[in-house]
Amino acid sequence: MERSLILIKPNAVQRGLIGEIISRFERKGLRLAGLKMMQLDDTILNEHYAHLFERPFFPYLKESMMVTPVVAMCVEGLDAVETVRLMVGATNARKALPGTIRGDFSMSGEQNVIHASDSVENAEIEVKRFFREGELFEYESAITSFEYGHEERARM
Ligand code: UDP
Ligand code: MG
């Protein structure tokens, strides 16, 4: 089953949005495979945001990600990576559509409440970066047949 890595950023922790954000994924029907609080440091952020190393905002981004612990989540579902990105919305939250998490809860392109993996390949790497094996859980949803149709279940 496809998995995606989500981080609830320090700005959302400060603003009391943890429950609201977790709740959106839960209500959508994405299965929670892992959930924990973590204090991020230089090492993990240099790795996680390596693609942005050259950008002028890189030091500010890193600093903003260490202000409080983050909440790391691994969610699972059919086409989970793309579905989660749609729910998260555009990077610049002022341009994120209403109804998306960034669109509903942020005015910023930096303090944009949440991180989500942007491709299936990156999701696999990111889930491993933030979760050890024993921290991820496999369990059957008792209501899969009410969450997905026949053909979809065959793809799972
Ligand atoms: N970011 C920023 N300024 C920018 C672009 C990105 O501060 O002009 C921050 C923002 O917090 C964003 C993160 O860097 O979420 C990672 O950037 P990326 O392009 O990977 O966007 P995302 O995948 O988070 O939508
Ligand atoms: Mg990204």
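Everything below is about the structure printed above this text.
Residues numbered from 1 in each chain as written. Chains lettered and ligands numbered in written order. Predicted model: local features only at pLDDT ≥ 70, side-chain atom pairs only at ≥ 80, totals over all residues. Heavy atoms only, no water.

Draft legend 1. Representation of the pattern of salt bridges within the structure. Enumeration over the complete set of coordinates arrives at ten salt bridges. Here Arg-129 makes a salt bridge to Glu-47, at a shortest N to O gap of 2.8 Å. Taken together, the residues span a long stretch of sequence, with Arg-129 in helix α7 (residues 120-130) and Glu-47 in helix α3 (residues 42-48) at a distance of 82 residues. Across the pair Glu-135 and Arg-132 runs a salt bridge, and its minimum N-O distance is 3.3 Å. Here Arg-132 falls in the exposed class, since its relative accessible area comes to 60%. Linked by salt bridges that have partners in common, Arg-3, Arg-31, Glu-76 and Glu-138 make up one network. (Salt bridge = Lys/Arg side-chain N within 4 Å of Asp/Glu carboxyl O. Helix = DSSP H or I, 4+ residues; strand = E, 2+ residues; numbered from the N terminus. Buried < 20%, exposed > 50% of the residue type's maximum accessible area, 1.4 Å probe, protein only.)

Draft legend 2. Representation of the side chain of Thr-68. You can see Thr-68 is positioned in the loop between α4 (58-64) and β3 (70-76). A relative accessible area of 10% means that Thr-68 is categorised as buried. Dropping the residues within four chain positions of it, Thr-68 is found in contact with Pro-10, Val-13, Gln-14 and Gln-39. (Contact = heavy atoms within 4.5 Å.)

Draft legend 3. How the structure looks around the site of ligand 1. Within the structure, ligand 1 sits among Lys-9, Tyr-49, His-51, Leu-52, Phe-57, Leu-61, Arg-85, Thr-91, Arg-102, Gly-109, Glu-110 and Asn-112. The side chain of Arg-102 places a nitrogen or oxygen atom 3.0 Å from an oxygen atom of ligand 1. Within the side chain of Asn-112, one N or O atom sits 2.9 Å away from an oxygen atom of ligand 1. If ligand 1 stood free it would expose 500 Å²; the protein chains cover 80% of that surface. (Near = heavy atom within 4 Å. Polar contact = N/O pair within 3.5 Å; in protein donor to acceptor, adjacent residues only side chain to side chain. Areas by Shrake-Rupley, 256 points an atom, 1.4 Å probe, with all protein chains shown as cover.)

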